[in-house]
Amino acid sequence: MPTTLIDPSALATIGARRPLVDVAQTVGAEFAAVHGADVDRHARFPSEAIEALRRERALGALIPISLGGRGASLREVAIVGETLARSCASTAMVYAMHQIQVNCIVRHGRTPFLLEVLADAAAHERLFASATTEAGVGGAVRASVCAVDPIPDQPQRFRIEKQASVISYGEYAHAILATARRAPESAAGDQSLVYVPRDKTTLELTSEWDTFGFRGTCSNGFVLRAEGDRHQILPDAYADISTQTMLPTSHVVWSHLWLGLATEAVSRARAYLRAQARKTLGTRPTSAVAVAALVARLAEMRELVHGAARDYELIADDPEQLNRIGFAIRANNLKISASNMVVEIVTEAMSAIGMSAYREDSPYSIGRLLRDAHGAKAMIHNDRILGANAQWLLVAKEEL
Amino acid sequence: MKHSTITDLDATVRDLLTRHGRLRVEIASLSRFDDLHSAGLTSHACVDLMLALEDEFDIEFPERLLKRQTFASVANLSDAVLELT
């Protein structure tokens with residue numbers, strides 16, 4: 001496996017890469033902000049910003065340096081999502097969802113084949129999508145109808161056919177990570193996570209994505225049909241991948257993204273306040289107190305989101321801690337609290353600014369931020385997550 | 001300790017699994033080491049099963065035993081009950 005060794009020339013190019021924080025700011029300002037309104041209006045893929053992130057070697061950021069990536073931490077890529085969200089929530093969401101998939105392979109893909117997948121992803125800045133939701137399981141991601149189906153007389157080969165009600169940006173991805181029951185005879189919750197490259201997969205469009213917000217994620221529904229070799233199946237059970245990586249990573253990167261939306265809304269409210277103050281010298285604008293309250297609430301949200309990412313990082317390599325009910329409950333709490341806060345903060349920002357925020361053609365416009373913010377509560381609905389926590393609380397004993 | 005032998009204990013665990021485990025297979029078809037999660041034991045059913053075990057044996061599962069592994073087989077469940085009674 002030569003690609004798993006540190007290649008000195010690869011290290012040289014790493015030195016030349018711009019820091020992720022700078023990349024996020026530049027791509028945000030020069031691409032995501034420029035095309036964000038058009039992406040939203042036409043519900044189209046944010047190709048300019050994603051291409052720019054690719055050129056800056058930001059897609060493979062989480063991949064270890066030894067495999068050609070940046071070896072960045074989850075917190076660093078989450079901050080990239082937070083920054084991008086200030087300009088275009090769809091760009092940020094594509095970036096965030098991609099990093100969730102990458103993190104699953106980085107943390108659970110220790111086979112030669114999957115290490116090669118990562119090395120290839122780093123070298124070519126591949127984009128990965130996800131097919132976890134399925135028609136017929138009522139929105140539950142920890143249950144599958146479809147199965148990894150062995151092909152008769154070819155013990156190393158399988159096929160999958162999945163009624164995937166949503167595959168975000170599936171048509172733009174190089175590969176998809178799909179959940180499926182481990183075998184045709186397996187129970188609904190006995191799932192595997194399978195790496196399926198797009199060139200070995202057909203996607204038959206079943207529904208289109210015309211939504212209130214996050215319009216550029218192109219989260220169409222498809223029938224996914226793929227064939228492959230068994231080495232494409234991640235070695236760990238999906239139950240463990242989900243608990244230890246996919247769920248906590250999702251909640252961390254999503255909550256950062258929502259924090260970016262809230263930060264942008266408050267930033268516009270503050271800019272509006274300063275403009276008003278210049279016009280009414282000697283009198284404090286009426287919105288000043290509301291904006292002060294917003295700034296306090298935003299600081300609270302930032303502490304929640306950044307603190308949760310720190311907490312996850314501290315125990316990320318300790319399966320014993322990650323498998324505890326308390327950890328699952330806290331990860332769920334992050335999603336619930338952050339998604340409620342973003343809607344509240346963006347709504348209050350609109351109210352503090354008033355008509356200039358309500359207008360679509362003003363620099364203080366809040367409309368798109370507000371529409372995107374509402375996606376936070378709807379994606380993996382808060383009631384479903386509270387239901388899961390309610391179930392855990394029937395038996396959990398630790399301090400929460 | 002209500003159960004004099006591990007066989008009695010296993011039988012009670014199996015009975016509670018039948019009532020609360022919502023398994024896809026007959027419990028009698030599983031050995032005491034067969035994987036219960038593969039047999040369809042969901043996290044929802046785990047919670048019910050644990051509450052039933054706590055009630056039956058008048059025990060409380062401590063935090064450290066609240067993990068997937070504890071519920072992975074009849075043997076693991078019986079071991080946990082033994083440890084707590």
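This one's a predicted model, so the numbers in the text were calculated from it and none came from an experiment. (Residues numbered from 1 in each chain as written. Chains lettered and ligands numbered in written order. Predicted model: local features only at pLDDT ≥ 70, side-chain atom pairs only at ≥ 80, totals over all residues. Heavy atoms only, no water.)

Draft legend 1. View of the confidence of the model for chain B. Here chain B shows a mean pLDDT of 91. Residues at 70 or above account for 95%. Helix α2 (residues 43-57) of chain B is the least confidently modelled element of chain B, averaging 93 in pLDDT, while helix α3 (residues 74-84) of chain B averages 95, the highest of any element. (pLDDT = per-residue confidence, 0-100. Helix = DSSP H or I, 4+ residues; strand = E, 2+ residues; numbered from the N terminus.)

Draft legend 2. Spotlight on unusual backbone geometry. All names here are of chain A. Residues other than glycine seldom take positive phi values, yet Tyr 169 does so here, at roughly 45 degrees. Take Tyr 169: it is sitting in the loop between β3 (154-168) and β4 (175-181). Even without glycine at this site, Ile 380 takes up a positive phi of about 50 degrees. Checked against the element boundaries, Ile 380 lands in the loop between α12 (367-378) and α13 (382-393).

Draft legend 3. Representation of the state of the cysteines. With the rule as written, the count across this model stands at 0 disulfides over all chains. With no disulfide partner, A:Cys104 has as its closest neighbouring cysteine sulfur the one in A:Cys146, 16 Å distant. (Disulfide = S-S within 2.5 Å.)

Draft legend 4. Quick peek at the interface of chain B and chain A. Facing the 18 residues of chain B at the interface are 20 residues of chain A. Carbon and sulfur atoms supply 55% of the area that chain B and chain A bury against each other, a total of about 1400 Å² over both sides. If you sort the residues of chain B by the area they bury against chain A, B:Val47, B:Glu63 and B:Leu66 come out on top, with a joint share of 37%. At the junction of chain B with chain A, the criterion picks out 3 salt bridges. If you look at where chain B meets chain A, you find 5 residue pairs in polar contact (both at pLDDT 80 or more). Among the residues forming the side of chain B that touches chain A, the class breakdown is 6 nonpolar, 5 polar and 7 charged. (Contact = heavy atoms within 4.5 Å. Buried area = accessible area lost by both parts, 1.4 Å probe. Salt bridge = Lys/Arg side-chain N within 4 Å of Asp/Glu carboxyl O. Polar contact = N/O pair within 3.5 Å; in protein donor to acceptor, adjacent residues only side chain to side chain. Nonpolar A, V, L, I, M, F, W, Y, C, P; charged D, E, K, R; others polar.)

Draft legend 5. The domain arrangement of chain A, seen in detail. Residue and element names in this part refer to chain A. For chain A, the assigned domains are domain 1 (2-126), domain 2 (131-232) and domain 3 (238-393). Tallying the contact residues gives 14 residues for domain 2 and 12 residues for domain 3. Taking both sides of the interface into account, the surface hidden between domain 2 and domain 3 amounts to around 1100 Å²; carbon and sulfur atoms contribute 69%. For domain 2, the biggest contributors to the area lost against domain 3 are Arg 142, Phe 212 and Phe 214; these three give 51% of the whole. Taken together, the links from domain 2 to domain 3 amount to 0 salt bridges. Inspection of the region where domain 2 meets domain 3 yields 3 residue pairs in polar contact (both at pLDDT 80 or more). Ranked by residue count, the leading element in the side of domain 2 that touches domain 3 is strand β5 (residues 191-197), at 3 residues. Of the residues assigned to the side of domain 2 that touches domain 3, the class counts are 5 nonpolar, 7 polar and 2 charged. (Domains from an automatic or database assignment.)

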